Amino acid sequence: MCKVATTHEELTVKVLAAVQAHQGCEFVKEIAITPVQIVGAGTTWHASLVDSGSADPQLAASVLRQTRDELEPAFELVGSPSV
């Protein structure tokens, strides 16, 4: 399966929208996408919960992990994040 090349900003928007689409996570405010170099496997990305808003933090973190696991095989992070 070919991965779709995606910028940091595009991936952040896509993952946040996917998390917010889950019941109970509509008010998650912020996530962080971090590039990760895995020895022998190449580069991938990791998603972290920054601000759960009024959503339950444990639920939001769980949904974020599940979302990342679902989307990681489809998207390749390209470029560096803008500061």
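Structure first, text after, so check above.
To start, this report covers the structure provided alongside it.

What counts and what doesn't
Residues numbered from 1 in each chain as written. Predicted model: local features only at pLDDT ≥ 70, side-chain atom pairs only at ≥ 80, totals over all residues. Heavy atoms only, no water. Phe/Tyr/Trp six-rings, centres within 6.5 Å; stacked < 30°, edge-to-face > 60°. Lys NZ or Arg CZ within 6 Å of the ring centre and 35° of its normal. Helix = DSSP H or I, 4+ residues; strand = E, 2+ residues; numbered from the N terminus. Expected span 1.5 Å × (residues − 1). Buried < 20%, exposed > 50% of the residue type's maximum accessible area, 1.4 Å probe, protein only. Arc of directions from axis to C-beta. Contact = heavy atoms within 4.5 Å. Pairing = 2+ DSSP bridges.

## Remarks on the packing of aromatic side chains
Tallied over the entire structure, the rule returns zero aromatic pairs. Above the ring of Trp-45, the side-chain terminus of Arg-68 is found at 5.5 Å from the ring centroid.

## Describing helix α1 (residues 8-20)
Helix length check: α1, at 13 residues, gives a terminal C-alpha distance of 18 Å against a target of 18 Å (1.5 Å per residue), a fit within 8%. Looking at α1, one finds that the buried residues are His-8, Leu-11, Thr-12, Val-15, Leu-16 and Val-19. Taken end-on, α1 shows its buried residues confined to a sector of 125°, consistent with a single buried face. Here the buried face of α1 lies against β1 (4-7), β2 (30-38), β3 (42-51), α2 (57-71) and β4 (75-78).

## Remarks on the side chain of Ser-52
Within the secondary structure, Ser-52 sits in the loop between β3 and α2. In this structure, Ser-52 is in contact with Phe-27, Val-28, Lys-29, Pro-57 and Ala-60, ignoring residues within four places of it in sequence.

## Describing the pairing of β3
On a regular strand, each side chain points to the face opposite its neighbour's, so the side chains alternate between the two faces of the sheet. Sheet analysis places β2 next to β3, joined by nine bridges and oriented antiparallel. The partner of Pro-35 across the bridge, within β3, is Trp-45. The hairpin turn running from β2 into β3, its antiparallel successor, is three residues long, and Gly-40 in that turn takes a positive phi close to 85°.

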